[in-house]
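Residue-level structure breakdown
Okay, here's what each chain looks like letter by letter:
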Amino acid sequence: MIKVILWDIDGTLLDFGQAENYAMKKCFSVLEMGECTDAMVERYAAINTKYWERLERNEITKQEVLIGRFREFFENEGLPLEKAQLFNEEYQIRLGDKVFFNDNVKTLVEELKEQGFVQLAVTNGTLAAQRRKLAASGFDTLLDGAVISDEIGVQKPNIGFFECTFGILAKIGTYQKDEIVIVGDSLTSDMQGGNNAGIVCCWYNPQEERNTKGLHIDYEIKNLMDLNKILFTN
Ligand SMILES: [Mg+2]
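Residues numbered from 1 in each chain as written. Predicted model: local features only at pLDDT ≥ 70, side-chain atom pairs only at ≥ 80, totals over all residues. Heavy atoms only, no water.

**What about the overall build of the protein chain?**
When you go through the protein chain residue by residue, the secondary structure sums to 11 helices and six strands. Taking 234 residues into account, the globule formula puts the C-alpha radius of gyration at 17 Å, and the protein chain, at 18 Å, falls close to it. For the protein chain, the proportion of its 234 residues judged to be buried stands at 48%. A separation of at least 24 residues holds for 63% of the contacts in the protein chain among residues at least 6 apart in sequence. Split by element, the accessible area of the protein chain, about 10,800 Å² in all, is 47% carbon and sulfur. Once the 25 positive and 37 negative side-chain charges of the protein chain are each reduced to a mean point, those two points are 2 Å apart. (Helix = DSSP H or I, 4+ residues; strand = E, 2+ residues; numbered from the N terminus. Rg over C-alpha atoms; globule rule 2.2 N^0.38 Å. Buried < 20%, exposed > 50% of the residue type's maximum accessible area, 1.4 Å probe, protein only. Contact = heavy atoms within 4.5 Å. Areas by Shrake-Rupley, 256 points an atom, 1.4 Å probe, with all protein chains shown as cover. Lys, Arg positive; Asp, Glu negative; His and termini not counted. Charge placed at Lys NZ, Arg CZ, Asp CG, Glu CD.)

And the structure:
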């Protein structure tokens, strides 16, 4: 029976696409860089995903992700490269400005808390942005804790990230690996991480993408509310 839920934040608890769109446009406005269209945000998002995947493969550092993605985007779009650093700093703040929940997940987290489930956030985002998001969403008090890669120095899907998570859980209670589920939208960080750690894997896949990575997936859900079925039928 599942007793612990490890929640990914971006793209799982929170609708990252909406937050990203808002933050990009806000930064363009604050830094007086002209208009940022939806098409530009889409082009940036594709670059951003590519950089995070390179980090997951340990090919580049977090700092190289943060600045590199904007440098590449700025270069492609003919924007002033010297503003990339400042843009990233502003972006980290703006990302935490507004929260957009996926499905009805806040109510679900509240209900699961009442029912005694232990719930932790597990995220590769930056410390500044994730702390702001957790506070703005109310998850900072609802959840039993948050494991943020920036804080512990190792990111999903590395086993070290999950060893650290197990260490935090050990202070709360004693849990077997088959009592812990990770719920996340990313195959390369969440499901690969869950496979590495040997815990139960629940892939949040609202877009019905294909599992192209050959990963072991225990459950696949299109709506987070479907997690209830998994928790109460196992
Ligand atoms: Mg995610």
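**Brief notes about the sheet that holds strand β1 (residues 4–7)**
Hydrogen bonds between backbone groups are what pair the strands of a sheet, and the pairing can be parallel or antiparallel. In spatial order, the strands read β3-β2-β1-β4-β5-β6; together these six strands make up an open sheet with parallel pairing. Single-partner strands in this sheet number two, and they are β3 (145–148) and β6 (219–221). Adjacent strand axes in the sheet meet at a mean angle of 20° when their direction is disregarded. Pairing geometry for β1 and strand β4 (residues 180–184), over four bridges, is parallel. (Pairing = 2+ DSSP bridges. Axes fitted to C-alpha atoms, helices over the stretch in contact; angles between N-to-C directions.)

**Structural notes on the pairing of β4**
Among the five residues in β4, five count as buried, and that is most of the element. Burial along β4 is two-sided: the face carrying Ile180, Ile182 and Gly184 and the face carrying Val181 and Val183 are both buried. For β4 and strand β5 (residues 200–204), the ladder comprises four bridges, and the chain directions are parallel. Residue Val181 lies in a different strand from β5, and its bridge partner there is Val200. Crossover β4 to β5 through helix α10 (residues 187–197) is right-handed. (Right-handed = clockwise from strand over helix to strand, strands pointing away.)

**Some points on the packing of aromatic side chains**
Note on aromatic pairs: each is described by the distance of the centres and the angle between the planes. Taken as a whole, this structure holds 12 aromatic pairs when the rule is applied. Aromatic ring contacts, followed pair by pair, group Phe28, Tyr44, Phe70, Phe73, Phe74, Phe87 and Tyr91 into a single cluster. (Phe/Tyr/Trp six-rings, centres within 6.5 Å; stacked < 30°, edge-to-face > 60°.)

**Regarding the coordination of the magnesium ion**
Ideal geometry at a metal centre gives angles of 109.5 degrees when four donors are arranged tetrahedrally and 90 or 180 degrees when six donors are arranged octahedrally. Ligation of the magnesium ion by protein atoms is provided by Asp8 (OD), Asp10 (O) and Asp185 (OD), these donors lying 2.1 Å from the ion. Spacing between the donor residues of the magnesium ion along the chain follows D-x1-D-x174-D. Here the residue Asp8 occupies a position in the loop between β1 and α1 (16–30), and Asp185 occupies one in the loop between β4 and α10, the gap between them amounting to 177 residues. The exposure class assigned to Asp8 is buried, which follows from its relative accessible area of 5%. (Donors = N, O, S within 2.8 Å, 3.2 Å for Na, K, Ca; no water.)

**Comments concerning the environment of Gln192**
Positionally, Gln192 belongs in helix α10. Gln192 has contacts with Pro157, Leu187 and Leu215, leaving out every residue within four places of it along the chain.

**Regarding the pattern of salt bridges**
Considering all chains together, one arrives at 15 salt bridges under this definition. Residues Asp97 and Arg94 are paired through a salt bridge, measuring 3.1 Å at the closest nitrogen-oxygen approach. With a closest N to O distance of 3.1 Å, Lys222 and Glu208 form a salt bridge. Residue Lys222 is located in the loop between β6 and α11 (227–233), and its partner Glu208 is located in the loop between β5 and β6; the two are separated by 14 residues in the primary sequence. One salt-bridge network, in which partners are shared between bridges, spans Glu90, Arg94, Asp97 and Arg132. (Salt bridge = Lys/Arg side-chain N within 4 Å of Asp/Glu carboxyl O.)

**A closer look at the nonpolar core**
A general feature of soluble globular proteins is that nonpolar side chains tend to end up buried together. Met24, Phe28, Phe70, Phe73, Phe74, Phe87 and Tyr91 are the most contacted members of the largest nonpolar core, which has 29 residues in total. Residue assignment for this core shows that the elements contributing at least two residues are α1, α2 (38–56), α3 (62–77) and α4 (84–95). Apart from residues lying up to four places away in sequence, Tyr91 is in contact with Phe16, Glu20, Ala23, Met24, Cys27, Tyr44, Arg69 and Phe70. Formed by 27 residues, the second largest nonpolar core is a distinct cluster that contains Leu14, Ile148, Val181 and Leu227. (Core = buried A, V, L, I, M, F, W, Y, C linked by side-chain atoms within 4.5 Å.)

**Examining the state of the cysteines**
Taken as a whole and assessed by the stated rule, the structure comprises zero disulfides. Not engaged in a disulfide, the cysteine Cys164 finds its nearest cysteine sulfur in Cys201; these two sulfurs lie 18 Å apart. Assessed through its relative accessible area of 27%, Cys164 is described here as partly exposed. The thiol of Cys201 is unpaired, and the distance to the nearest cysteine sulfur, on Cys202, comes to 9.0 Å. (Disulfide = S-S within 2.5 Å.)

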